[in-house]
Amino acid sequence: MRVAIIGTGYVGLTTGVALAYLGHQVVGLDVDREKIARLQRGEIPIYEPHLAELLHLARPNITFTTDYAAAIAPAQVVFIAVGTPSLPDGNPDLTYVRQAAQGVGLHLGQEFTVVVNKSTVPIGSGNWVETLIAEALKTRTDAAPVQFAVVSNPEFLREGSALHDTFYPDRVVIGTQEPRALEILHTLYQPILEQSFTPPSFLPRPAEVAAVPLITADVTSAELMKYAANAFLAVKISFINEIAQLAERVGADVTQIARGIGLDKRIGSQFLQAGLGWGGSCFGKDTAALIATARDYGLGMAIVQASRVVNAQQRQWVVEKLRHILKILKGRRVGLLGLAFKPHTDDLRDAPALDIAQQLLERGVGVRVHDPVALARAQREWPKLDVHYCEAVETLAQDCDALVLVTDWPQYRNLPWEDLAKQMRSPLILDGRNFLDRERLRRAGFTYVGLGR
Ligand code: NAD
């Protein structure tokens with residue numbers, strides 16, 4: 001099928017490259033000229049495992065452009081995958097969705113087209129996008145009426161395993177009551193739903209994946225489903241973090257508690273790793289958006305609110321623990337291991353590392369930072385943050401009073417801990433993800449401090 005993807009960020013690019021690999025003819029469209037120029041050269045502007053390799057394989061089926069007319073007019077399916085960042089009142093900023101929808105209306109072709117809201121958008125956005133397209137269509141002077149349908153198809157991929165999640169999703173959700181649109185999207189996703197494609201060698205099909213459930217829903221339910229999913233996950237993490245706070249006070253170990261409750265199938269072990277809290281582009285903004293929507297309908301969303309409060313506390317907890325141990329923070333030197341909001345990505349949106357670095361700087365601490373992939377991006381995106389960026393972990397540790405593990409990059413597990421301990425002023429490590437091998441660190445001479453254990 002002929003597909004246009006508006007927005008070639010984490011979601012749009014992953015979706016576009018995956019659909020091209022499956023044999024669809026895809027055009028990736030973005031207003032960011034530099035991004036498009038890089039993609040045209042075969043470069044990937046973000047860090048996402050295997051995306052470059054997959055783009056190479058999919059290359060004959062995908063092109064990139066900044067030209068709306070060229071991308072939209074021939075498309076049978078148009079995905080809107082632009083950003084929806086938070087406004088100060090918690091509502092999502094829909095400026096980019098508005099621009100995309102207007103662009104679609106101005107350039108839709110004569111064939112029936114399915115316009116897919118893949119961006120995470122608040123309830124009512126299906127109708128709103130439809131109206132914007134219809135209004136833009138009215139301004140056109142070219143002849144025949146154009147037929148289209150707006151469908152909600154929320155995205156559940158996780159950065160860092162985005163391609164895996166696209167090829168082997170737990171489910172595909174399509175929100176529409178228009179049979180033609182459903183049929184077209186069913187055909188588009190058929191290779192994924194039926195798992196009939198040949199997997200790329202670097203993304204083998206997991207043994208347990210035989211077919212993928214298709215969940216059809218009305219547009220509003222599909223829209224709310226995405227917010228409910230993210231809010232639930234945020235609540236789950238904040239729940240175990242709250243238990244971690246109590247565990248620490250009563251002398252229990254939250255990692256043992258998480259294991260014990262996680263094996264209960266009704267609870268499940270994922271998202272029960274206590275630590276310094278969630279970050280990233282989605283949980284913060286989507287919980288805020290859900291609360292803002294509920295407010296319009298007279299609801300408080302107490303549980304979701306509480307998850308945000310606990311999450312903010314976790315970031316402070318790290319700094320308070322450091323102060324408790326070091327007594328005086330002013331004049332100390334602290335190294336942060338990891339900047340990205342989670343491993344296997346260079347995404348820095350709402351990264352806990354930024355909050356922690358700022359809190360430490362405010363208290364007069366000299367801050368050094370390291371990340372395996374996000375250093376350059378951090379220097380670009382946080383130009384005013386007065387920290388020392390270190391290419392090597394050895395430089396980070398030099399004369400430090402403490403290290404804080406912020407991002408659980410797997411390579412941090414096997415650092416040359418003995419050497420690092422010798423370079424530090426005092427070998428203290430605060431494991432903000434309860435991720436490191438506590439005994440190994442103690443043997444290497446570190447004072448190990450976790451969260452909630
Ligand atoms: P992103 O910021 O990485 O990418 C958005 C892209 O859209 C950018 O390249 C930007 O230049 C482009 N853009 C903005 N306005 C445009 C316009 N008018 N026309 C064409 N391109 C335009 O964002 P993302 O992380 O890919 O997220 C996109 C949406 O998907 C958001 O609503 C987000 O909530 C949702 N989502 C994200 C994730 C995730 O893990 N990142 C997961 C699920 C859902």
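Reading the values: the criteria
Residues numbered from 1 in each chain as written. Predicted model: local features only at pLDDT ≥ 70, side-chain atom pairs only at ≥ 80, totals over all residues. Heavy atoms only, no water. Phe/Tyr/Trp six-rings, centres within 6.5 Å; stacked < 30°, edge-to-face > 60°. Buried < 20%, exposed > 50% of the residue type's maximum accessible area, 1.4 Å probe, protein only. Lys NZ or Arg CZ within 6 Å of the ring centre and 35° of its normal. Domains from an automatic or database assignment. Contact = heavy atoms within 4.5 Å. Buried area = accessible area lost by both parts, 1.4 Å probe. Salt bridge = Lys/Arg side-chain N within 4 Å of Asp/Glu carboxyl O. Polar contact = N/O pair within 3.5 Å; in protein donor to acceptor, adjacent residues only side chain to side chain. Helix = DSSP H or I, 4+ residues; strand = E, 2+ residues; numbered from the N terminus. Nonpolar A, V, L, I, M, F, W, Y, C, P; charged D, E, K, R; others polar. Near = heavy atom within 4 Å. Areas by Shrake-Rupley, 256 points an atom, 1.4 Å probe, with all protein chains shown as cover. Axes fitted to C-alpha atoms, helices over the stretch in contact; angles between N-to-C directions. Left-handed = near helix turned anticlockwise from the far one by under 90°. Expected span 1.5 Å × (residues − 1). Pairing = 2+ DSSP bridges. Parallel < 35°, antiparallel > 145°, perpendicular 65-115°, else oblique.

Draft legend 1. Main features of the packing of aromatic side chains. Counted by the stated rule, this structure contains eight aromatic pairs. Taking the centre distance of 6.0 Å and the plane angle of 80 degrees together, the rings of Trp278 and Phe283 count as edge-to-face. Of the two residues, Trp278 and Phe283, neither departs from the other in class, the shared state being buried. An aromatic cluster of at least three residues, connected via ring pairs, comprises Tyr21, Phe167, Tyr168 and Phe197. One Lys or Arg, Arg180, reaches over the ring of Phe112 and ends 3.9 Å from the middle of that ring. The side chain of Arg413 reaches across the aromatic face of Phe435, ending 4.3 Å from its centre.

Draft legend 2. Geometry of the domain arrangement of the chain. Domain assignment breaks the chain into domain 1 (2-217), domain 2 (226-307) and domain 3 (314-449). The C-alpha-based centres of domain 2 and domain 3 are spaced at 24 Å. On the domain 3 side, the residues contacting the 16 residues of domain 2 number 17 residues. Summed over both sides, the interface between domain 2 and domain 3 buries roughly 1300 Å², with carbon and sulfur atoms accounting for 50% of that surface. For Glu248, the salt bridge goes to Lys321, with nearest N and O atoms at 2.7 Å. The tally of links from domain 2 across to domain 3 stands at nine residue pairs in polar contact (both at pLDDT 80 or more). Secondary-structure elements contributing two or more residues to the side of domain 2 that touches domain 3 are helix H9 (219-250) and helix H10 (254-262). Here the element with the most residues in the side of domain 2 that touches domain 3 is H9; it accounts for four residues. The class makeup of the residues in the side of domain 2 that touches domain 3 is five nonpolar, nine polar and two charged.

Draft legend 3. Layout of the site of the ligand. Taken together, 27 residues surround the ligand, and among them Asp30, Lys35, Tyr68, Thr84 and Lys285 come closest. Within the side chain of Tyr68, an N or O atom sits 2.7 Å from a nitrogen atom of the ligand. Between the ligand and Glu159, the relevant distance is 2.7 Å, taken from a nitrogen atom to a side-chain nitrogen or oxygen of the residue. Within the complex, the protein chains bury 91% of what would otherwise be the 830 Å² of accessible surface of the ligand. Where the shell around the ligand is concerned, the elements lending two or more residues are helix H1 (10-21) and helix H5 (95-107). Examining the composition of the shell around the ligand, we find that three residues originate from one element, H5, more than from any other. In terms of domain composition, the shell around the ligand takes at least three residues from each of domain 1 (2-217) and domain 2 (226-307).

Draft legend 4. Just the packing of H9 against helix H11 (residues 283-296), in detail. Their axes nearest at 9 Å, the elements H9 and H11 cross at an angle of 115 degrees. When the axes of H9 and H11 are compared, the crossing they make is left-handed. The segment H9 lies against H11, with Leu224, Lys226, Tyr227, Asn230, Ala231, Leu233, Ala234 and Ile237 engaging Phe283, Asp286, Thr287, Ala289 and Leu290. By residue class, the composition of the contact of H9 with H11 is nine nonpolar, two polar and two charged.

Draft legend 5. H1, seen in detail. An ideal rise of 1.5 Å per residue puts 16 Å on 12 residues; H1 measures up with 17 Å between its terminal C-alpha atoms. Burial runs high along H1: 10 of the 12 residues are buried. Every buried residue of H1 is listed here: Tyr10, Gly12, Leu13, Thr14, Thr15, Gly16, Val17, Ala18, Leu19 and Ala20. With its phi angle positive at about 110 degrees, Gly23 sits one or two positions after the end of H1.

Draft legend 6. Spotlight on the sheet that holds strand S11 (residues 388-389). The strand order across the open sheet built from six strands is S11-S10-S9-S12-S13-S14, with neighbouring strands paired in parallel fashion. Among the strands making up the open sheet, the edge pair consists of S11 and strand S14 (447-449). Inspection of the sheet shows strand S12 (residues 402-405) paired to strand S13 (residues 428-431) by three bridges, in the parallel sense. For Leu405, the partnering residue across the bridge sits in S13 and is Asp431. Each of strand S9 (333-337), S12, S13 and S14 touches helix H12 (residues 302-326); the most contacted strand, S13, lies at about 155 degrees to it. Contacts from helix H13 (residues 352-362) reach S9 and strand S10 (366-370), with the element oriented near 180 degrees to S9.

Draft legend 7. Spatial organisation of the packing of H12 against H13. Here H12 crosses H13 at 40 degrees, and the two axes come no closer than 9 Å. Taken as axis vectors, H12 and H13 run oblique relative to one another. The crossing of H12 and H13 is right-handed. Here Arg315, Gln316, Val318, Val319 and Leu322 of H12 come into contact with H13, specifically with Pro352, Asp355, Ile356, Gln359 and Leu360.

Draft legend 8. Structural view of the pattern of salt bridges. Counted under the stated rule, the structure contains 23 salt bridges. As a salt-bridge pair, Arg315 and Asp350 come within 3.2 Å of each other at their nearest N and O atoms. Within this pair, whereas Arg315 is found in helix H12, its partner Asp350 is found in the loop between S9 and H13, the two being separated by 35 residues in sequence. Exposure remark for Asp350: the relative accessible area of 36% places this residue in the partly exposed category. Here Asp401 makes a salt bridge to Arg425, at a shortest N to O gap of 2.9 Å. Pair noted here: Asp401 is in the loop between helix H15 (393-397) and S12 and Arg425 is in the loop between helix H16 (417-423) and S13, with a separation of 24 residues, a long-range link. Taking the relative accessible area as the measure of exposure, Asp401 reaches 3% and is therefore buried. Salt bridges linked by common partners bring Arg38, Arg41 and Glu43 together as one network.

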